[in-house]
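# Understanding the architecture of this molecule
The lines below spell out each chain.
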Amino acid sequence: MSRFYRKSLLVVLALFLSIGMVSPTQAESKAEGGGYWVPKDMVEKVTELMEEGKPIGDLGIKQDQLQKTEGIQPLNELMKEDQQSKTTYRVNLAPPIKTAEGEWAPPAFDYDHIQTTDECQRHPESSSETGYIKNRYSFCWSHVATYQVPVKCIGPICDYEGVQFQFTEIGYGSNQSRKMRVFYTIEDIQVTDPALNGAKLKIDMVCESKLNVGDCQEDPDYPATERTIAQCKNTNYSTEIFTSEAPEANADNPDKIGYMEFWPKLTFTHKARKFEESIDGIKQKVRFDSANYMFVFPDQYYWQGAVFSNATPIFNVPITKPEFEMLKEAGEHWKFAMDHPEQTKPEMIGKQIPGGVGDNTLTRMYSKRHQTEYNRNRSKTSRVCAREFANEDRTGKQCDEFPFASTWQGSSTNGSDNFSIRLISADSNEAAGRWLGAWYAYDRVLDGDPFQVEVEAPEKIATIRSEGQPQEDQDHRSSDNFSIQNIPSYATKLQWKVIDGPTNVQFDVMKDISFDVDPTILNDLQSESETDVVTGDNLYIANPENTNGESFTVEVYAIP
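Parameters and conventions
- Residues numbered from 1 in each chain as written.
- Predicted model: local features only at pLDDT ≥ 70, side-chain atom pairs only at ≥ 80, totals over all residues.
- Heavy atoms only, no water.
- Disulfide = S-S within 2.5 Å.
- Helix = DSSP H or I, 4+ residues; strand = E, 2+ residues; numbered from the N terminus.
- Buried < 20%, exposed > 50% of the residue type's maximum accessible area, 1.4 Å probe, protein only.
- 1 Å grid on protein atoms, 1.4 Å probe; cavity = no way out; pocket = protein on both sides within 12 Å on 5 of 7 lines; lining within 4 Å.
- Points joined across faces, edges and corners; volume = space filled by probe spheres on them.
- Phe/Tyr/Trp six-rings, centres within 6.5 Å; stacked < 30°, edge-to-face > 60°.
- Pairing = 2+ DSSP bridges.
- Axes fitted to C-alpha atoms, helices over the stretch in contact; angles between N-to-C directions.
- Core = buried A, V, L, I, M, F, W, Y, C linked by side-chain atoms within 4.5 Å.
- Contact = heavy atoms within 4.5 Å.
- Expected span 1.5 Å × (residues − 1).

Moving on, we come to the state of the cysteines. Cysteine pairs can be linked by a disulfide, which is a covalent bond between their two sulfur atoms. Following the criterion strictly, the structure yields four disulfides and no others. Two residues share a disulfide in this structure: cysteine 120 and cysteine 140, whose sulfurs sit 2.2 Å from each other. In this structure, the disulfide formed by cysteine 120 and cysteine 140 twists by about 95 degrees around the S-S bond and is classed as right-handed. Pair noted here: cysteine 120 is in helix H5 (residues 117-122) and cysteine 140 is in strand S6 (residues 138-154), with a separation of 20 residues, a long-range link. For the pair formed by cysteine 120 and cysteine 140, the shared burial category is buried. Disulfide connectivity for the protein chain, with bonded cysteines indexed by sequence position, reads 1-2, 3-4, 5-6, 7-8.

Here it is, written out as structure tokens:
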């Protein structure tokens, strides 16, 4: 090796020693640094690299993400986006109340907001691409943000200092005004160099009108905030407010609907390093309206509102709770209609009744806007009830229908006989009707809005026939294999019922494992035993006792 080459090699080695050895990926990273939204499962690794001064781009995280504006869109397209949303939320409505006069009154309106950043961050959807929509009036999104500032570069190879924090935004709608507000915080701030405490972070909620020009108006009393990182450690929150100007009502938009999208823009600036980078959070949609039929008996009006409409409501009916006893008959009918349409009246081959979770949605029909169609639903239901129950005593009873007459899937407007009728007590029918009407107004369910129905009632998920002793050539097994699957989301327990055979039978549940010892999953079960929810295939009844050799049948129910 020549003296010249030896000298050149020493210079290169000295250079590498002065800046530290780097990986090929580090050498390829952008020398200007950047901002990142860090996925939850990568936070620990990103923090480690940031503290070591290494670039985090080699982890494949998108850098400097910015949103694009899309401009004004037609109302039907915006509503179609809402209707096709895969996001749902479960309605949490108090029960109706019986007055001294014996009439059913609706419960009081309650927002049920997301109260804290901790409540937001605990929800698994809070860091998703859509955020967490708790209900029509409460949304949140939370993500870790990281900025890397290059401090020493030789060519494309840099060392970095960094700042990292948890950003959380909580949006609040309204059932009284065309106004929504966004509260946001930054928490768990970390810097790798004290000098970064003097850098500035600007947080601005950007909004874009989607239907009318006046759909997005920023309140000047609540502007964007810009603080140093040191100041953010002392005052880490702020609020921005948006309002929507109501357009004139017309045939295409009688409810004076408006739409906007908003998203957070976070800009980090370090003047000394000539560094400035912005990252945008996810977009969220808000629908405004001035529908004049948001009325709750006897005298409550909700003239205008702002809701997070990009989620389908699940009208939840928790009839197993004692306080909802008045809805039990109605709820049992609705559930039976959705679960067993072929067994309902009127009889129809191939009958399918929509409305269940994961099924085709129901669609609200405002009766006074579609009076003819609504009257047809009522008229057909009345005729079919008179025919089907002609020979029954209807004293104190009314004919309940599902889907509801106030939907486009009602008895006539569904275009066929895909509906169910049942005689239930007048008391339960009237309570359910008053409750449904109140919910329409409380959640601003507009004409044409989709929703689903879920009745929280015990749901049978398995039926098992067992012998009264272990099967031939078996030490424990007394039944064939069965599975427990498709547990409803509201279920918290399993209930085991012996429906025939010895009343005091006791048994275990084991799991069939090929080429291994079968484990016992549940011990010493009796009729009416309640257990934690277990799911799986290849389960079987084992070790039956107190049977006198008699066979028995077990039904398994998922219960709230």
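Once that is clear, we can look at the layout of surface pockets. Volume-wise, the largest pocket comes out at about 930 Å³. Lining the largest pocket are 31 residues, and of these Tyr374, Arg378, Ser406, Gly433 and Gly437 lie nearest its centre. Only strand S16 (295-296), helix H8 (371-388), strand S21 (397-402) and helix H9 (426-442) provide two or more residues apiece to the lining of the largest pocket. Take the lining of the largest pocket: its biggest share by element is nine residues, from H9.

The subject of this paragraph is the packing of aromatic side chains. Using the criterion set out here, one finds 31 aromatic pairs in the structure. Taking the centre distance of 5.9 Å and the plane angle of 90 degrees together, the rings of phenylalanine 109 and tyrosine 137 count as edge-to-face. With phenylalanine 109 in the loop between strand S4 (104-105) and H5 and tyrosine 137 in the loop between strand S5 (132-135) and S6, this residue pair connects regions lying 28 residues apart in the sequence. Look at tyrosine 137 and you get buried, because its relative accessible area is 1%. Ring plane angle 85 degrees and centroid distance 5.8 Å describe the contact between tyrosine 302 and tyrosine 442, whose orientation is recorded as edge-to-face. Of this pair, tyrosine 302 sits in the loop between strand S17 (300-301) and strand S18 (305-307) while tyrosine 442 sits in helix H9, placing them 140 residues apart in sequence. Residue tyrosine 302 shares its accessibility class with tyrosine 442, and that shared class is buried.

On the basis of which strands lie adjacent, the open sheet formed by four strands has the order S24-S31-S26-S29 and antiparallel pairing. Bordering the open sheet on either side are strand S24 (459-466) and strand S29 (529-532), each of which pairs with just one other strand. Strand-to-strand twist across the sheet, computed as the mean angle between neighbouring axes with direction ignored, equals 25 degrees. Pairing geometry for strand S26 (residues 493-500) and S29, over four bridges, is antiparallel. Bridge pairing links lysine 493 to aspartate 532 in S29.

Glancing now at the sheet that holds strand S27 (residues 506-511). Spatially, four strands are ordered S25-S30-S27-S28 in an open sheet, and the strand pairing comes out antiparallel. At either end of the open sheet lies a strand with only one pairing partner, and these are strand S25 (482-484) and strand S28 (520-525). Within the sheet, the average angular offset between the axes of one strand and its neighbour, ignoring direction, is 35 degrees. When S27 meets S28, the two strands line up antiparallel, connected through three bridges. In the strand pairing of S28, methionine 510 is matched with threonine 520.

A few words on the nonpolar core. Counting 83 residues, the largest nonpolar core has Phe165, Phe167, Met180, Phe262, Phe268, Trp334 and Val453 as the members making the most contacts within it. Sort the elements by how many residues they give to this core and H9 lands first, with nine residues. Excluding anything up to four places from it in sequence, phenylalanine 268 contacts Tyr147, Val149, Val163, Leu196, Ala199, Lys200, Leu201, Ile229, Phe275, Glu276 and Glu277. In terms of nonpolar packing, the next biggest core, distinct from the first, is built from 20 residues, Phe482, Ile541, Val554 and Val556 among them.

Here we take up the side chain of threonine 363. Along the chain, threonine 363 turns up in strand S20 (residues 362-363). Assessed through its relative accessible area of 17%, threonine 363 is described here as buried. Setting aside residues up to four positions removed in sequence, threonine 363 forms contacts with Ser406, Thr407, Trp408, Gln409, Gly448, Asp449, Pro450 and Phe451.

So, on to helix H7 (residues 328-339). The α-helix advances 3.6 residues per turn, and as a result positions three or four apart in sequence lie on the same side. With twelve residues, H7 extends 16 Å from end C-alpha to end C-alpha; this agrees with the ideal 16 Å at 1.5 Å per step. Residues Ala330, Gly331, His333, Trp334, Lys335, Ala337 and Met338 constitute the buried set of H7. Taken together, the buried residues of H7 touch strand S19 (312-317), S21, strand S22 (420-425), H9, strand S23 (450-455) and S24.

Across the 17 residues of S6, 13 count as buried, placing the element largely inside the fold. Strand direction decides the pairing type here: strand S1 (residues 34-38) and S6, joined by five bridges, are antiparallel. Each bridged residue has a counterpart across the sheet, and for glycine 34 the counterpart in S6 is glutamine 148. Bridge analysis of S5 against S6 gives three bridges, and the strand direction is antiparallel. Bridge pairing in S6 places asparagine 135 opposite serine 138.

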